[in-house]
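Examining the three-dimensional arrangement
Residues per chain, in single letters:
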Amino acid sequence: GQNIDQPTEMTATEGAIVQINCTYQTSGFNGLFWYQQHAGEAPTFLSYNVLDGLEEKGRFSSFLSRSKGYSYLLLKELQMKDSASYLCAVRITDSWGKFQFGAGTQVVVTP
Amino acid sequence: DGGITQSPKYLFRKEGQNVTLSCEQNLNHDAMYWYRQDPGQGLRLIYYSQIVNDFQKGDIAEGYSVSREKKESFPLTVTSAQKNPTAFYLCASSIGGQRDQPQHFGDGTRLSIL
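An account of the accompanying structure is given in this report.

1. A look at the environment of serine 85 of chain A
Residues and elements named next belong to chain A.
- When you line up the elements, serine 85 lands in strand β9 (residues 84-91).
- Along the chain, serine 85 and valine 108 lie 23 residues apart, while their C-alpha atoms are 8.8 Å from each other.
- The residues contacting serine 85, other than those within four sequence positions of it, are Tyr35, Gln36, Gln37, Gly104, Thr105 and Gln106.

2. Concerning the pairing of strand β8 (residues 70-75) of chain A
Residues and elements named next belong to chain A.
- The element β8 is largely enclosed, with a buried count of five among its six residues.
- Sheet topology places strand β3 (residues 18-25) next to β8; six bridges connect them, and they run antiparallel. Along β8, the bridge assignment pairs glutamine 19 with leucine 74.
- Sheet analysis places strand β7 (residues 60-65) next to β8, joined by six bridges and oriented antiparallel. In the sheet register, serine 61 faces β8, and the bridge partner there is leucine 74.

3. With respect to the side chain of arginine 91 of chain A
- In this fold, arginine 91 of chain A is placed in strand β9.
- Despite its burial, arginine 91 of chain A remains without a salt bridge, the nearest opposite charge being carried by aspartate 100 of chain B at 6.1 Å.

4. Describing the packing of aromatic side chains
- Applying the stated criterion across every chain yields a total of 19 aromatic pairs over all chains.
- Relative to phenylalanine 105 of chain B, the ring of tyrosine 35 of chain B has its centre 6.0 Å away and its plane inclined at 40 degrees; by these criteria the two rings are tilted. Taken together, the residues tyrosine 35 of chain B in strand β4 (residues 31-37) and phenylalanine 105 of chain B in strand β10 (residues 104-105) connect sequence positions 70 residues apart.
- Its relative accessible area of 1% is what places tyrosine 35 of chain B among the buried residues.
- Owing to a relative accessible area of 11%, phenylalanine 105 of chain B belongs among the buried residues under this scheme.
- Between tyrosine 47 of chain B and phenylalanine 55 of chain B, the ring centres sit 5.9 Å apart and the planes meet at 80 degrees, which makes this aromatic pair edge-to-face.
- Of the residues examined, tyrosine 47 of chain B reaches a relative accessible area of 7% and is grouped as buried.
- Grouped by ring-pair contacts, the aromatic residues Phe33, Tyr35, Phe45, Tyr48, Phe99 and Phe101 of chain A together with Tyr33, Tyr35, Tyr48 and Phe105 of chain B constitute a single cluster.

5. What about the state of the cysteines?
- Applying the stated rule across the entire model yields two disulfides over all chains.
- Covalently, cysteine 22 of chain A is tied to cysteine 88 of chain A through a disulfide, its sulfur atoms 2.0 Å apart. A torsion of -70 degrees about the S-S bond marks the disulfide between cysteine 22 of chain A and cysteine 88 of chain A as left-handed. One end of the pair, cysteine 22 of chain A, is in strand β3; the other, cysteine 88 of chain A, is in strand β9, with 66 residues separating them in the sequence. In this structure, cysteine 22 of chain A and cysteine 88 of chain A share a single accessibility class: buried.
- Across the disulfide from cysteine 23 of chain B sits cysteine 91 of chain B; the S-S distance is 1.9 Å. Looking along the S-S bond of the cysteine 23 of chain B-cysteine 91 of chain B disulfide, the torsion reads about -75 degrees, which is the left-handed sense. Of this pair, cysteine 23 of chain B sits in strand β3 (residues 19-25) while cysteine 91 of chain B sits in strand β9 (residues 87-94), and the two are 68 residues apart along the sequence.

6. Some details on empty space enclosed by the protein
- Summed over the entire model, instances satisfying the criterion amount to one cavity of 30 Å³ or more.
- Taken as a whole, the largest cavity spans an internal volume of roughly 40 Å³.
- As for the largest cavity, its lining consists of Phe99, Gln100 and Phe101 of chain A together with Tyr35, Leu43, Arg44, Leu45 and Asp59 of chain B.
- Residues belonging to the lining of the largest cavity are distributed by class as follows: five nonpolar, one polar and two charged.

7. Examining the layout of surface pockets
- Taken as a whole, the largest pocket spans an internal volume of roughly 450 Å³.
- Lining the largest pocket are 21 residues, with Gln37, Asp38, Pro39, Gly40 and Gln41 of chain B positioned closest to its centre.
- Broken down by secondary-structure element, the contributors of at least two residues to the lining of the largest pocket are β9 of chain A together with β9 of chain B.
- Examining the composition of the lining of the largest pocket, we find that three residues originate from one element, β9 of chain A, more than from any other.
- Tallied by class, the residues present in the lining of the largest pocket amount to eight nonpolar, eleven polar and two charged.

The rules we used
Residues numbered from 1 in each chain as written. Chains lettered and ligands numbered in written order. Predicted model: local features only at pLDDT ≥ 70, side-chain atom pairs only at ≥ 80, totals over all residues. Heavy atoms only, no water. Helix = DSSP H or I, 4+ residues; strand = E, 2+ residues; numbered from the N terminus. Contact = heavy atoms within 4.5 Å. Buried < 20%, exposed > 50% of the residue type's maximum accessible area, 1.4 Å probe, protein only. Pairing = 2+ DSSP bridges. Lys, Arg positive; Asp, Glu negative; His and termini not counted. Salt bridge = Lys/Arg side-chain N within 4 Å of Asp/Glu carboxyl O. Phe/Tyr/Trp six-rings, centres within 6.5 Å; stacked < 30°, edge-to-face > 60°. Disulfide = S-S within 2.5 Å. 1 Å grid on protein atoms, 1.4 Å probe; cavity = no way out; pocket = protein on both sides within 12 Å on 5 of 7 lines; lining within 4 Å. Points joined across faces, edges and corners; volume = space filled by probe spheres on them. Nonpolar A, V, L, I, M, F, W, Y, C, P; charged D, E, K, R; others polar.

Rendered as structure tokens:
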């Protein structure tokens, strides 16, 4: 079976840094994606990793270790608008067809 | 602007009734997907299609049906066999054959039982 684990909720202060971890055990691996989802809205793409290492995109960075089945999303200089759910998703087939999602991590940013 | 359009935004189903959720994309994407999202849970795959006139069951296909007669359209029917249909339904699409391409999502349809 497929298993993707993320913490349920994290709270941080405006201006701080938060790291959201994601561990995965899947039948195949062809890339890991992070999405942001505000309540009642569609998920929006944040970052992609397929090779080990760190990808940086402005205030957001994502890291991948394939040997450990582990990724994290780092949110820096937190803003109130960053309060949202963050979804970790693995593309699990050799082709581009199928994705498996984690349950999401709710980040609450406080003043 | 290109994107994915889901309709309606809210839908109510009576007992024993089939309802169809619409999903249209003008991104020229090959693959399209339907997910169900319940409170506190991640996205669960219902059906996906990589090419016109072909589709595969996802993890929770029972009680649902789809068609892919046109590249742009991937409607989802929630049948009366689906006993717990109340959820947020998301349609997505992605470019085919490029593994670094993410999925793009519609704004969702919230389905409730009357």
